[in-house]
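Topology and contacts: notes
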Amino acid sequence: MTVETQSPRKRALVVGAIAAVFALAAVLAAVVLVDVAQKKAEARNPVVRVVELTDETEDPAIWGKNFPVEYDLYKRTADMVRTKHGGSEAMPRTPSDGDPRSVTAQSKTDADPRLKTMWAGYAFAADFREERGHAYMLDDQFFTQRQVVAKQPGTCGQCHASVYVPMKKLGNGDIFKGFEALNKMPYSEAKQHFKHPVSCIDCHDPASMDLRVTRPGFLEGIRAYKASLGVKDYDPNTMATRQEMRAYVCGQCHVEYYFKGPEKRLTFPWSKGLKADEIVSYYDEVGFKDWVHKESGAPALKAQHPEFEMWNQGIHARSGVACADCHMPYMRVGGTKVSDHQVRSPVLNLNRACQGCHKWPEAELKGRVEAIQDKHMQLREQAFDALVALIGEIKAAREAGKTDDQLVAARYLQRRAQFLFDFVEAENSTGFHAPQESARVLFESIDASRQGQLALRDPSFKPTVAVVNVSTAPAPAAPATPAVVPAVLK
Amino acid sequence: MRKGSSLLSLPVVLLAAAAGAAVGVGGYAFAYAKGTSYLGNDPATCSNCHVMSGHYAGWQASAHHAVATCNDCHTPAATVSKYAVKAENGWHHSMAFTVGGFPDVIRARAESTAVIEGQCRHCHAQIVDAMTGGRDGVSCIRCHASVGHLR
């Protein structure tokens, strides 16, 4: 049909339709134009400085004005998602006087009562749950039943709160002085200084946005570790590479530690090395114990969460892959590239966390991770059963009248088996950070449990490791430390 | 049109204005987005879209940097199929970049991988055919992943 054969009305309709198509094309072209222009602008100016940030800017919401994308992601650490072997799921609870939380993570001690046997007589037997995201670190530390059954020092705040600004204030500008002041306080007093969970200023220099280490515990610990390798006066803030800092800022908290002496100085036990058995040797040498096991009387140790140490033993660390590469991978937002501040399991984010290096399908990568973790859980079961069996035997021997002298070797082997097991159990990757090292440590633990049982049955049995007689006398109390009265945060 | 109707009737003016606006805005958008560059072979063009800047940097450090550009591996050698693939990829890329929703770590589609494998053989036919006897099923880039760029 041609235009000439049609009535003027029809012709007008056709012309109108063509005009509409062209108009639509113009609109689409304009949309593309604006989008391209916007993305070009974003790529040129990724940061718009709205507020001035200083070394006293503690509130992450203020940083969020300059870094809205990072801040929004940071707030999403409140999401509770589980993976096959880890993560947290929201468990409803009825708020009580001492604990206003209406949601917590699932209880690990309820899921596996062997944990209560391992920690008999220690606060962790009272309450131990799956770890939740950074958003909850302050609440979960404050409202745990551990605060009710035991005195906790202010030292705990080192990792459960944003403490850089509070430490500087307490120390009149000197974080080490503030650190020492905080360590000595009871937690109930220290908490008055805490306003936020880990925040921007704990890892970033507000002027340059460079990563920096702000925790005295890590600065002292890494210096001790580097000294053991022959590097003198190591300071990560001046000597580490950018990529090293992308692990060190995480290693400020995700580590094994203890509270040294009556002043409760937070100390990383790294001067003999970062491996689990090197850390036991350190504790043996300084004669440290966390508590005396209620059932067996052993001078026991509680491993914390040695992710940094375990990652150091794995292939990813060997290949120069830092914590942030997998737990805070780069992502695209419009025309800009940002580091994902929703710190979480890489399994929840396989494309960005893994596929940048491993170009296999996501299902294949997830399968690889879970295959490693499933095998790890099998070894863990066996090591745990062996440990619980040893604890039961020492308890029975004690009740049958064996003297403390006769139990020294078995108790030491329990201490050792327990710490090695707990090192892997408390480490938050279900064996993934360093699969072979985790298996080796579990194997060492099983062997120590086995030798402990042999030592009970045959007084002439000589363990393959040197038995250290650690004092079971109570640790000296901190000067002027009143009992913590659990109170509700305002 | 010839039968007495005015050349400047309202519909015709409307049509001309709309067409002019579309061509004008579209042309400007095309020029602003460096549209003409997409017809050539300069690798810098591919990194107009900053999603490609990592690949571009990888190519600059790669073994093939001196002998092959993006198009040598990612489009077929024959002119017609080359521009057909360019048009198809260009459509996918511009849609993805404008509308979003693509994964941050992008991965080659099966069609793109086939083009790449074909281009390996286009230059290296002699040695590859001697090794594989012309059979399919052997992937060059599975083992030689770093030849073009490492990501």
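Predicted, not measured: the structure shown is a model, and the values here were computed from it. (Residues numbered from 1 in each chain as written. Chains lettered and ligands numbered in written order. Predicted model: local features only at pLDDT ≥ 70, side-chain atom pairs only at ≥ 80, totals over all residues. Heavy atoms only, no water.)

1. Concerning a nonpolar patch on the surface
Residues and elements named next belong to chain A. The condition is simple: A residue counts toward a patch only above 30% relative accessible area and without a salt bridge, and it is joined to like-charged neighbours within 9 Å or, for Val, Leu, Ile, Met, Phe, Trp and Tyr, to nonpolar neighbours within 5 Å. Computed with the Shrake-Rupley method and a 1.4 Å probe, the accessible areas treat only the protein chains shown as cover for residues. Salt bridge, as used here, is a side-chain nitrogen of Lys or Arg placed within 4 Å of a carboxyl oxygen of Asp or Glu. The helix count covers DSSP runs of H or I at least four residues long, the strand count covers runs of E at least two residues long, and both are numbered beginning at the N terminus. Buried residues are those whose accessible area, probed at 1.4 Å on protein chains only, stays under 20% of the maximum for their type, while exposed residues exceed 50% and partly exposed ones sit between those limits.
On the surface, a nonpolar cluster with roughly 250 Å² of combined accessible area is contributed by Leu229, Val231 and Met239. As for its position among the elements, Leu229 is in the loop between helix H12 (216-228) and helix H13 (236-239). When its relative accessible area of 53% is taken as the criterion, Leu229 is described as exposed.

2. Focus: the nonpolar core
Where a protein is soluble and globular, its nonpolar side chains tend to be buried together. Residue and element names in this part refer to chain A. How we decide: Here the nonpolar core consists of buried residues drawn from Ala, Val, Leu, Ile, Met, Phe, Trp, Tyr and Cys, with membership extended through side-chain atoms lying within 4.5 Å. Any two residues whose heavy atoms approach within 4.5 Å at even a single point are treated as in contact.
Counting residues in hydrophobic clusters, the biggest one holds 78 residues, and the most contacted among them are Tyr248, Trp270 and Phe308. Ranked by residue count, the leading element in this core is helix H21 (residues 404-426), at 8 residues. When near neighbours in sequence (up to four residues on either side) are disregarded, Tyr248 contacts Val213, Phe218, Ile222, Lys226, Tyr234, Pro236, Ala240 and Phe308.

3. Concerning the interface of chain A and chain B
Going by this rule: The term buried area means the drop in 1.4 Å probe accessible area that two parts suffer when joined, counted for both and summed. A 3.5 Å cut-off defines polar contacts: any pair of N or O atoms within that distance qualifies, except that in protein one atom must be a possible hydrogen donor and the other a possible acceptor, and neighbouring residues in sequence count only when both atoms are side-chain atoms.
Contact residues are listed per partner, giving 31 residues for chain A and 32 residues for chain B. At the boundary of chain A with chain B, total buried surface from both sides reaches about 2700 Å², with 64% on carbon and sulfur atoms. Three residues stand out in chain A for area buried against chain B, namely Arg11, Leu33 and Arg332 of chain A, and they jointly supply 23% of the buried area on that side. Where chain A meets chain B, there are 2 salt bridges. For Arg352 of chain A, the salt bridge goes to Asp104 of chain B, with nearest N and O atoms at 3.0 Å. Inspection of the region where chain A meets chain B yields 8 residue pairs in polar contact (both at pLDDT 80 or more). If you tally residues by element for the side of chain A that touches chain B, the top one is helix H1 (residues 8-44) of chain A, at 17 residues.

4. Structural notes on helix H5 (residues 79-99) of chain B
As a reminder of what qualifies: One fewer than the residue count of a helix, multiplied by 1.5 Å, yields its expected span. The reported arc concerns the directions from the helix axis to the C-beta atoms and nothing else.
Compared with an ideal rise of 1.5 Å per residue, which puts 21 residues at 30 Å, H5 of chain B spans 30 Å between its outermost C-alpha atoms and is within 8% of the ideal. Considered for burial, the residues of H5 of chain B that qualify are Lys82, Val85, Lys86, Asn89 and Phe97 of chain B. For H5 of chain B, the angular spread of the buried residues around the axis is 105°, confining them to a single face. Projecting away from the buried face of H5 of chain B at angles above 90 degrees are the exposed residues Val80, Trp91 and Val99 of chain B. On its buried face, H5 of chain B sits against H1 of chain A together with helix H4 (70-74) and helix H6 (110-132) of chain B. Gly100 of chain B lies just past H5 of chain B and shows a positive phi near 85°.

5. Looking at the domain arrangement of chain B
Where the parts come together, the accessible area they lose is often given as the size of the interface. All names here are of chain B. The cut-off we apply is this: Each domain's extent is set by a domain assignment, obtained either automatically or from a database.
Domain assignment breaks chain B into domain 1 (9-39) and domain 2 (43-150). Relative to domain 2, the C-alpha centre of domain 1 lies at a distance of 32 Å. A combined buried area of about 390 Å² lies between domain 1 and domain 2, and 38% of that area is made up of carbon and sulfur atoms. It is Ser37, Tyr38 and Leu39 in domain 1 that bury the most area against domain 2; as a group they hold 86% of the surface buried on that side.

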